[in-house]
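So you can see what is in the structure, the chains are spelled out below.
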Amino acid sequence: MRAMSDTTRNGPYFVDQGRGDPIVLLHAFPLDGRMWDAEREALSQSRRVIVPDLRGFGRSDALLPPRSLDDHADDVARILDDLGIKRASVVGLSMGGYIAFALVRRHPQRLTRLILADTRAAPDSPEGRRARDENIALVARDGVAPLVERLLPKLLSPKAPPDLVARVRAWGGRQRAAGVMSALAAMRDRPDSTPLLSSIAVPSLVIVGDADSISPPEEARAMAAALPAGELTVIASAGHLTNLESPPSFLAAVRQFLER
Ligand code: MLT
């Protein structure tokens, strides 16, 4: 039987499933580790898969949400310490990718491979920062649900099936305001990771949906080109949350990359 354990210790909740080379899956905003259920099940057939709910989200929503993405990266490093794992492959989708960059910056020796999905190395533009502030004000005033409605057309392509839209709406809508507002501020204040790209020596895969409007394919292409051992997979007919919109293509890209 595959080992699967949940823990709430003092740090974030995480699921630890399977045996073999470790891989960490870092979730997007405003979701939690459950967005990786399908990939966790599939990859844990041959690997050890660790999926945290970042502090402030999902089953870690009772914990004080951190002020910066660096703190989330330190949480991930601590989970690896607790599990006695020296190095792991890391997959970060969108906000998860921003945290993967923070891991590279702060704990570079912990990575064996890097998968950056639907994410950006560039920081927020001045308009982007203003939009974060508006979204923080919206959540403070009206709660998380209206923010999720505002984000949905950007998170999923117009072709996304209604049941997937409903699932993402439900996942986002159950997040707590405190975690959501802290993450918005942390993303707003994240540094530019573009100068970091040329220093990332580990094999790296950039994945992007061809209809991703939050982290557009042109930026993904530029990131892959700037990574010394970078490659790119563009997933057709998918928006921002590529693993949810095109699970087989996403999984195939990850597997091919890991198995090479
Ligand atoms: C995410 O999917 O994590 C967010 O859309 C990232 C962002 O808002 O920059």
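Use the structure listed above.
Residues numbered from 1 in each chain as written. Predicted model: local features only at pLDDT ≥ 70, side-chain atom pairs only at ≥ 80, totals over all residues. Heavy atoms only, no water.

Q: Kindly report on the site of the ligand, identifying the contributing residues and their values.
A: Taken together, A28, F29, S94, M95, Y98, R132, M187, I214 and H240 form the complete shell of residues around the ligand. With respect to the ligand, the side chain of R132 contributes an N or O atom lying 2.7 Å from an oxygen atom. Measuring from an oxygen atom of the ligand, one finds a side-chain N or O atom of H240 at 2.8 Å. Surface burial for the ligand is 92%, taken as the share of its 270 Å² of free accessible area covered by protein chains. For the shell around the ligand, the residue count by class is six nonpolar, two polar and one charged. (Near = heavy atom within 4 Å. Polar contact = N/O pair within 3.5 Å; in protein donor to acceptor, adjacent residues only side chain to side chain. Areas by Shrake-Rupley, 256 points an atom, 1.4 Å probe, with all protein chains shown as cover. Nonpolar A, V, L, I, M, F, W, Y, C, P; charged D, E, K, R; others polar.)

Q: Would you mind going over the pairing of strand β7 (residues 204-209) in detail, with residue names and values included?
A: Buried residues dominate β7, accounting for six of its six residues. Across the two faces of β7 the burial is the same, with S204, V206 and V208 and L205, I207 and G209 all buried. Bridging between strand β6 (residues 111-117) and β7 involves four bridges; their strand directions are parallel. What sits directly across from L114, in β7, is S204. As paired strands, β7 and strand β8 (residues 230-235) are joined by six bridges and run parallel to one another. By the bridge assignment for β8, G209 is matched with I235. Regarding topology, helix α8 (residues 217-226) serves as the crossover connection from β7 to the parallel β8, and that connection is right-handed. (Buried < 20%, exposed > 50% of the residue type's maximum accessible area, 1.4 Å probe, protein only. Helix = DSSP H or I, 4+ residues; strand = E, 2+ residues; numbered from the N terminus. Pairing = 2+ DSSP bridges. Right-handed = clockwise from strand over helix to strand, strands pointing away.)

Q: Run through unusual backbone geometry, naming residues and quoting values.
A: The peptide bond linking F29 to P30 adopts the cis configuration, its omega dihedral lying at 0°. Mapped onto the secondary structure, P30 falls in the loop between β3 (22-26) and α1 (37-43). One non-glycine residue, D118, adopts positive backbone phi at about 45°. With respect to the helices and strands, D118 occurs in the loop between β6 and α4 (126-142). Overall, the relative accessible area of 1% leaves D118 in the buried class.

Q: Requested: an account of the packing of aromatic side chains, with residues and values cited.
A: Under the definition given, this model contains two aromatic pairs. Ring centres of F29 and F57 lie 6.2 Å apart, and the angle between their planes is 85°; on these two criteria the pair is classed as edge-to-face. With F29 in the loop between β3 and α1 and F57 in the loop between β4 (48-52) and α2 (69-83), the pair connects residues that are 28 residues apart, well separated along the chain. Residues F29 and F57 agree in their burial class; the two are buried. Centre to centre, the rings of W36 and F250 are 5.8 Å apart; their planes meet at 45°, and the pair counts as tilted. Taken together, the residues span a long stretch of sequence, with W36 in the loop between β3 and α1 and F250 in helix α10 (residues 247-259) at a distance of 214 residues. (Phe/Tyr/Trp six-rings, centres within 6.5 Å; stacked < 30°, edge-to-face > 60°.)

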